[in-house]
Amino acid sequence: MAKNDDKDTEKQPKKKGGMMKILMLAGGGLVLVGGGVAGGLYAMQSGLLGGAKNAHEVVYERPRLVPKSEEKRGGAGGGDEHGGGGGSAHAAPMGAGGDKYASNYYAMEKEFTANLRDSVHFIQVGIAVSTPYDDRIIENLKTHEIAVRSAVLLALGDATEEQMFSVEGKRQLQIHLVHAINDVLKQKEGFGGIGNIYFTNFVVQ
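Note that the structure is a prediction, hence the values are computed from the model and not measured.

Draft legend 1. Spotlight on unusual backbone geometry. With a phi angle near 55 degrees, Asp118 is a residue other than glycine that sits in the positive phi range. The topology assignment puts Asp118 in the loop between strand 2 (112-115) and strand 3 (122-131).

Draft legend 2. Geometry of the pairing of strand 2. Side-chain alternation along strand 2 places Phe112 and Ala114 on a buried face and Thr113 and Asn115 on a face that remains uncovered. By the bridge criterion, four bridges tie strand 2 to strand 3 in an arrangement that is antiparallel. Counterpart to Ala114 in the pairing with strand 3 is Ile123. Turn length for the strand 2-strand 3 hairpin, with the two strands adjacent in sequence and antiparallel, is six residues, and the turn residue Asp118 shows positive phi of about 55 degrees.

Draft legend 3. Local environment of the nonpolar core. Core analysis: the largest hydrophobic core is formed by 30 residues, its most contacted members being Val129, Leu156 and Ile181. Contributions of two or more residues to this core are made by strand 2, strand 3, helix 3 (136-143), helix 4 (145-157) and helix 6 (167-189). Those residues in contact with Leu156 that lie beyond four places of it in its chain are Phe112, Ala114, Asn115, Leu116, Ile123, Val125, Leu173 and Leu177.

Draft legend 4. Quick peek at the packing of aromatic side chains. Taken as a whole and judged by the stated rule, the model has three aromatic pairs. Geometry around Phe112 places Arg149 over its ring, the cationic atom sitting 4.1 Å from the centre. The cationic tip of Lys170 hangs over the ring face of Phe202; the distance from NZ or CZ to the ring centre is 4.7 Å.

Draft legend 5. Here's a closer look at helix 3. Among the residues of helix 3, those classed as buried are Ile137, Ile138, Asn140 and Leu141. Viewed end-on, helix 3 has its buried residues packed into an arc of 155 degrees, placing them on one side of the element. Turning to helix 3, the residues buried within the fold contact strand 1 (104-107), strand 3, helix 4 and helix 6.

Draft legend 6. Here's a closer look at helix 6. A rise of 1.5 Å per residue sets the reference length of helix 6, with its 23 residues, at 33 Å; its end C-alpha atoms lie 33 Å apart and thus fit the reference within 8%. Buried within helix 6 are the following residues: Gly169, Leu173, Gln174, Leu177, Val178, Ala180, Ile181, Asn182, Val184 and Leu185. Gly190 lies just past helix 6 and shows a positive phi near 85 degrees.

Draft legend 7. Quick peek at the environment of Ile194. Note on placement: Ile194 falls in the loop between helix 6 and strand 4 (196-204). Sequence separation of Ile194 and Tyr133 is 61 residues, and the distance between their C-alpha atoms is 8.3 Å. Filtering out sequence-adjacent residues up to four positions away, Ile194 remains in contact with Val129, Ser130, Thr131, Ile137, Val178, Ile181, Asn182 and Leu185.

Criteria and thresholds
Residues numbered from 1 in each chain as written. Predicted model: local features only at pLDDT ≥ 70, side-chain atom pairs only at ≥ 80, totals over all residues. Heavy atoms only, no water. Helix = DSSP H or I, 4+ residues; strand = E, 2+ residues; numbered from the N terminus. Buried < 20%, exposed > 50% of the residue type's maximum accessible area, 1.4 Å probe, protein only. Pairing = 2+ DSSP bridges. Core = buried A, V, L, I, M, F, W, Y, C linked by side-chain atoms within 4.5 Å. Contact = heavy atoms within 4.5 Å. Phe/Tyr/Trp six-rings, centres within 6.5 Å; stacked < 30°, edge-to-face > 60°. Lys NZ or Arg CZ within 6 Å of the ring centre and 35° of its normal. Arc of directions from axis to C-beta. Expected span 1.5 Å × (residues − 1).

Purely geometric stuff here, so don't read any function into it on its own.
Structure follows, in structure tokens:
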């Protein structure tokens, strides 16, 4: 009888040891699975996997310079009686020294009126902007038009009477307005993109 008892006591530790091994393996498997899931979620959120990458590309992708061949030209889609559509694209500038990139124009709807610095006169101007980049620059300008208008009015109010009665002074004002508008867009969107501004109306009274 004593021998049988000894055999039973020998078998019991082996069973317990086997159970411990199974539990440890199962626990280790759960840890690995959990780590894999956590790693996958981190990779997706950081843009290394899945759709999060595309979301980051949309947010941080820079506007694209538009080649001259893609320029929006007057009369696009209409054509005339001779069969030549006014919107036909040109693969290159039409002459030497022509712009390499397209000009995308946008005329701001309302005119700007501001008092000139140290003067009883005031200035009233209409403004249009141009950009060599895609439509996102114009969309940004429309989105932040209130902030842009404020910056333009401040720039106009800093101009002097002498500047406004000379061609060179007006050119300097153009440059100043380009910087003012781009500063707003950089602050709001991280990118300016305005290449030039044009006066569609210019009155000093």
